[in-house]
Amino acid sequence: MTERLSTSTSAGTSGAATGERLPPARFAYDRHTWKEIAHLLANLPAALLGFIYVVTMLGVGAGLTVTVIGAPLLAAGLLGARQLGKLERARARALLGVRVDEPSRLPLRGKGGFFTQLWMALKDPVGWRTVLYDFIRLPWGILTFVITLTSLFVLWPVLPFIARGLANADRAMVRGLLSPSDELERRIAELESDRGVVVDTAAADLRRIERDLHDGAQARLVNLAMGLGLAKEKLLEDPDAAATMVDEAHGEVKLALQELRDLARGIHPAVLTDRGLDAALSSVASRCTVPVKVTVDLTERPAAAIEGIAYFTVSELLQNVSKHSAARSASVEVWRSSDRLLIQVGDDGRGGARLDGGTGMKGLADRLSAVDGLFVVDSPEGGPTTVTAELPWRDREDANITSRASGPR
């Protein structure tokens, strides 16, 4: 008996010494429990309001879709459903402690005309998920109201456990149907950023073409016109001098034509349109200052837009090889993997290429990301350098059908 008592005493002393204590007693009906009970009792009026709104909106909007006001009414109803979702998120945040981010607002301002904005509102996933939430909440609101009210008078000793279970189901509904999709929000932000990149790139290309025309071919054509005018004046007085001026004008015409061909090749090379990536990339490789091995393993041609981006990506990378790499050889490989077009350009040069190195790599990465592509540079100091680009594959026939469908009729 004494031994057992001493053992118990030493165990209690040891537990106290190590700081192990029983959790403090807490009253079952604390403020968190009362908040959950208040939320469950408020479910019925909130669910009734949401159900009436959704049924009225869908009934009126769907019934009037045969008229010109049906679709706008349905779109306005979805925008209103967004506001109901906002109120439900605020109620869950205040009473259930559920932290749910607000979804992004619909970017309706400045987005095309009326029909474009109407279509954006009609396909709004946030609005439709809120409609589903309000539609299924009425039976749940009745159930939680009845159970909570009954338990408050009959089953009050176990009401905290019942309230916690029902409140957890409410939390799951709010998180599942009223929270924004992280992937969707991320994708919207990426597309908005990519749109700005595409606009800036197009504006820069237009300025480059304008500058090349103004400083190159246009200046030569002006000199040509002046030379031919002087030759015309000297034709009778000094035929030999006039012939010399005509010869010089002929040389200016050749140079102007060459510059125009180079400019046209920079916009879209004819060989790419006529013969595809294999021939076009071989032509680019022939102009590189180092030997380039080109391997194109494609059984069919991609869409013209994807093909053009692939061509200019390889062209820019081979220019970097010529200017900066000090390589002895280079290689270009193009192949298709599932629904992606893969490009790999490598060289045995000195390496050290970076996206922020001032060699146009950052611009290439931005252009590829704007069309849902990837751009990866592996270039340690001392080489070798391997650049991998990935583009989405689109069939040429599908692209042509889309182009014809969107064109004038």
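How each quantity is defined
Sequence order as written defines residue numbering, which begins from 1 separately in each chain. The predicted nature of this model means local features are confined to residues of pLDDT at least 70 and side-chain atom pairs, given and counted, to a pLDDT of 80 or more, with totals for whole chains, interfaces and linings taken over all residues. Where side-chain values are given, they derive from all heavy atoms of the structure, hydrogens and water being excluded. Strands pair, by our definition, only if DSSP identifies at least two bridges between them. Counting from the N terminus, the helices are DSSP H or I runs at least four residues long and the strands are E runs at least two residues long. To get an axis, fit a line to the C-alpha atoms, keeping to the stretch in contact for a helix; angles then go from 0 to 180 degrees between the N-to-C directions. Consider the strands pointing away from the viewer: the crossover is right-handed when the path from the first strand over the helix to the second runs clockwise. For the purposes of this section, nonpolar cores are sets of buried Ala, Val, Leu, Ile, Met, Phe, Trp, Tyr and Cys residues that join through side-chain atoms within 4.5 Å. Each residue's exposure class comes from its accessible area (1.4 Å probe, protein chains only) as a fraction of the maximum for that residue type: buried when under 20%, exposed when over 50%, partly exposed otherwise. For the purpose of counting charges, residues Lys and Arg are taken to be positive, whereas Asp and Glu are taken to be negative. His and the chain ends are not included. Should a side-chain nitrogen of Lys or Arg be within 4 Å of a carboxyl oxygen of Asp or Glu, the pair is scored as a salt bridge. By definition in these notes, contact holds between two residues if any of their heavy atoms fall within 4.5 Å. Across the chain, each position has a pLDDT score giving the predictor's confidence in that residue, from 0 to 100. The length a helix should cover is 1.5 Å for every residue beyond the first. Each angle is binned into one of four classes, with values under 35 degrees roughly parallel, values over 145 roughly antiparallel, values of 65 to 115 roughly perpendicular, and all other values oblique. The hand of a helix crossing depends on one turn: near helix anticlockwise from the far one by less than a right angle means left-handed, and clockwise means right-handed. Amino acids are sorted into nonpolar (Ala, Val, Leu, Ile, Met, Phe, Trp, Tyr, Cys and Pro), charged (Asp, Glu, Lys and Arg) and polar (every other residue, Gly among them).

With that settled, consider the sheet that holds strand β2 (residues 330-337). Strands belonging to one sheet form pairs held by backbone hydrogen bonds; the direction of such a pair is parallel or antiparallel. Strand order across the open sheet formed by 5 strands is β1-β2-β3-β5-β4, with mixed pairing between neighbours. At either end of the open sheet lies a strand with only one pairing partner, and these are β1 (292-297) and β4 (374-378). Sheet twist, expressed as the mean angle between neighbouring strand axes with direction ignored, is 10°. Bridge count for strand β3 (residues 340-347) against strand β5 (residues 385-392) is 8 bridges, and the pairing is antiparallel.

All right, on to the pairing of β1 then. The pairing of β1 with β2 spans 6 bridges and is parallel. If you follow V296 over to β2, its bridge partner there is V334. With helix α11 (residues 304-325) bridging β1 and its parallel neighbour β2, the resulting β-α-β unit is left-handed.

This part covers the nonpolar core. Of all hydrophobic cores here, the largest spans 34 residues; its most connected members are L281, V292, L318, V332, V334, I343 and F375. Those elements giving two or more residues to this core turn out to be α10 (277-286), β1, α11, β2, β3, α12 (361-369) and β5. No other element matches the 7 residues that α11 contributes to this core. Ranked by size, the runner-up nonpolar core spans 10 residues in total, among them V54, M57, A81 and L118.

Turning to its location among the elements, D134 is positioned in helix α5 (residues 125-153). Summary of buried charges: D134 has no salt-bridge partner, and the nearest side chain of opposite charge, R137, is 6.3 Å away. Contacts of D134, omitting those with residues within four sequence positions, involve G50, F51, V54 and L84.

Next up on the list: the pairing of β5. Where β4 lies against β5, 5 bridges are found, and the strand directions are antiparallel. Directly across from V377, in β5, lies its bridge partner V387. Hairpin geometry of β4 and β5 is characterised by an intervening segment of 6 residues between the two adjacent antiparallel strands and by a positive phi of about 95° at G382.

With 75% of its residues at a pLDDT of at least 70, the protein reaches an overall mean of 76. Here residues 1-20 is modelled with pLDDT under 50, and outside its nearest four sequence neighbours on either side it reaches 1 contact, counting other chains as well. For residues 398-409, every residue scores under 50 in pLDDT, and the model assigns this stretch 2 contacts once sequence neighbours within four places are set aside.

Turning our eyes to something else, we now look at α11. In an α-helix, one turn spans 3.6 residues, which is why side chains three or four residues apart end up on the same side. Relative to the 32 Å expected for 22 residues at 1.5 Å per residue, α11 spans 30 Å between its end C-alpha atoms, a close match to the ideal helical length. A positive backbone phi angle near 55° is found at A326, which sits one or two residues after α11.

Next up on the list: the packing of α11 against α12. Any two packed helices are characterised by how steeply their axes cross, that is the angle between the axes, and by the distance between the axes. Contact geometry of α11 with α12 gives a least axis separation of 11 Å together with a crossing angle of 170°. Classified by the interaxial angle, the pair formed by α11 and α12 is roughly antiparallel. α11 and α12 meet at a crossing whose hand is left-handed. Between α11 and α12, the residues in contact are I309, T313, E316, L317 and N320 and M361, L364 and L368, respectively. Residue classes in the contact of α11 with α12 are distributed as 5 nonpolar, 2 polar and 1 charged.

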